[in-house]
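Observations on chain architecture
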Amino acid sequence: MRSQASFGRSDKGSRHGVHPALFYGMFAVLLAGNALLVTAFLLSPDIARLLSGKNEQVIEAYENRIAQLRVEVDRLHSRSYAQAGDINLQLQELAQQQEVLIEQHQLVRVLVDKAGELGIETAALPAHDVGDQALAPRTDGNPDIDATAAAVAQMLGETQFAMTSIAETATARADSIVTELTGLGIPVDLPTTLDGVGGPLLPPQDEDDASAMIDDANAVMAALVRYKAARDGIDDAPVHMPISGNFRQSSGFGNRTDPFSGRRAFHSGLDFAAASGTTVFSAGKGVVSFVGTRSGYGNVVEVTHANGLVSRYAHLSGFLSEVGQAVNTGTPIAKVGSTGRSTGPHLHFEVRKGDSAINPKAFLEAGKRLLALLG
């Protein structure tokens, strides 16, 4: 017997039926989707206008940004033009500094040569060739003005330091020489730039770098001239050792036991024991004023110096100079001997002023200090 089939039903043994709840749920989803699709289709012009408006806002925002960037670029260009003006001004100032540097460098070269002639070693000068000094390029190809200006300023400082060093050294040495010679009673005639000048005291006026540089160079040269005069004062004084080689001081200045009488007696000089025939040198620059014999001294040579002092060399075995001869420090004038009142070959050395004998030891010790000073 067949059974009737009905919608929504199945036989008890059937496994392929659809549950009603699931069926209606799927239908509702399809219906909602179709509704949304129809609604979107109907509203598509409005959505399109909405999307188009947002794009227009984005484009407008970019255009506004581009405009702002253009303004920024224009402002940067304006700043660049302004900087170019500043750069030109900096380059002009740098060129002027270079000219001053070259002139200062040339002056320093002259002063260094003059100082070298007087035995003054100066501070090391810059090794750069200022004539070829160029603007150092940066990595971007533009001139690095700051670095170049710093290099020029450094070189200006180095040359200025060299001039200052020369002046200070010359002044210090001249002062030391004056102190030593004055202590020996020897006046030193030094030139001064303050002689025969005067006028009202007025405030200083502005001056350019070149004028100041020339004034500095003139001051340095004045210090060198003053030092040279002081050095000449050393040469004129009998402060140098009158003998060299193998010798020893055998007697000093002042009271001593007389080698012949055994009594206390005054000794008017220094005795230097040395082999007979040893060369005797002038202790300073001067003119030979006496060559001959004197009682007790034997053979004698006397040299008169510019400052009025007289150096006497006695007990000589021979003469190497003559009266009226101009001699310098270290000029050979005689030979060691044992003439006159002498117990053996030696040089008797005196320094005299007028009729009075002065202790030669003070002169020779000052001469050693001055020699060390002159280097």
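Read on for a plain summary of the structure. (Residues numbered from 1 in each chain as written. Predicted model: local features only at pLDDT ≥ 70, side-chain atom pairs only at ≥ 80, totals over all residues. Heavy atoms only, no water.)

**Points about the pattern of salt bridges**
Our working rule: Here, a salt bridge means any side-chain nitrogen of Lys or Arg that lies within 4 Å of a carboxyl oxygen of Asp or Glu. The numbering of helices and of strands both runs from the N terminus, where a helix is a DSSP run of H or I of at least 4 residues and a strand a run of E of at least 2. Categorising residues by exposure relies on relative accessible area from a 1.4 Å probe, with only protein chains included: less than 20% of the type maximum marks a residue as buried, more than 50% marks it as exposed, and the intermediate range marks it as partly exposed.
All chains considered together, the criterion is met by 9 salt bridges. Between glutamate 180 and arginine 369 there is a salt bridge, with the nearest N and O atoms lying 2.7 Å from each other. Taken together, the residues glutamate 180 in helix α2 (residues 145-183) and arginine 369 in helix α4 (residues 360-374) connect sequence positions 189 residues apart. The class of glutamate 180 is buried, set by a relative accessible area of 19%. Within this structure, Arg294, Glu302, Arg312, Glu350 and Arg352 form a network of salt bridges that share partners.

**Points about the pairing of strand β8 (residues 310-319)**
Heads up, the rule is: In short, DSSP must find at least two bridges between two strands for them to pair.
With 8 of 10 residues buried, β8 is to be regarded as a mostly interior element. Where strand β7 (residues 298-304) and β8 come together, 5 bridges link them in antiparallel fashion. Within β8, the position partnered with asparagine 299 by the bridge is leucine 316. Taking the residues that link successive antiparallel strands as the turn, the β7-β8 hairpin has 5 residues, and the phi of glycine 308 there is positive, at about 90°. Note: β8 against strand β10 (residues 332-336), 3 bridges, orientation antiparallel. Counterpart to leucine 316 in the pairing with β10 is valine 336.

**As for the layout of surface pockets**
What counts here: In the cavity and pocket records, a cavity denotes points on a 1 Å grid over the protein atoms alone where a 1.4 Å probe fits but cannot get out, a pocket denotes an open set with protein on both sides within 12 Å along at least 5 of 7 lines, and lining residues are residues with an atom within 4 Å of a point. Grid points are joined across faces, edges and corners, and a volume is the space filled by probe spheres set on the points. Classification used: nonpolar for Ala, Val, Leu, Ile, Met, Phe, Trp, Tyr, Cys and Pro, charged for Asp, Glu, Lys and Arg, polar for all others including Gly.
Roughly 420 Å³ of volume is contained in the largest pocket. Lining the largest pocket are 23 residues, and of these Arg256, His267, Asp271, His315 and Arg341 sit closest to its centre. Of all the secondary-structure elements, those providing two or more residues to the lining of the largest pocket are β1 (247-251), β3 (264-267), β4 (270-274) and β11 (346-353). Its residues assigned to classes, the lining of the largest pocket shows 7 nonpolar, 11 polar and 5 charged.

**Side note on the packing of aromatic side chains**
The cut-off we apply is this: When two rings of Phe, Tyr or Trp (its six-membered ring) have centres within 6.5 Å they constitute a pair, described as stacked for plane angles under 30 degrees, edge-to-face for angles over 60, and tilted for the intermediate range.
Counted under the stated rule, the structure contains 3 aromatic pairs. Ring geometry for phenylalanine 253 and phenylalanine 266: centres 5.2 Å apart, planes at 85°, overall edge-to-face. Of the two residues, phenylalanine 253 is situated in the loop between β1 and β2 (254-257) and phenylalanine 266 in strand β3; the sequence distance between them amounts to 13 residues. On the basis of relative accessibility, which here comes to 27%, the residue phenylalanine 253 falls in the partly exposed class. Note on tyrosine 313 and phenylalanine 349: the rings are 5.5 Å apart at their centroids and 40° apart in plane angle, and the pair reads as tilted. Of this pair, tyrosine 313 sits in strand β8 while phenylalanine 349 sits in strand β11; the two residues are 36 residues apart in sequence, bridging distant segments of the chain. By the burial criterion, tyrosine 313 is buried, and phenylalanine 349 matches it.

**Re the side chain of serine 268**
Convention followed: Note on contacts: a residue pair qualifies if any of its non-hydrogen atoms lie within 4.5 Å across the two residues.
Counting through the fold element by element, serine 268 comes out in the loop between β3 and β4. Apart from the residues lying within four places of it in its own chain, the contact partners of serine 268 are Phe253, Tyr297, His348, Glu350 and Ala357.

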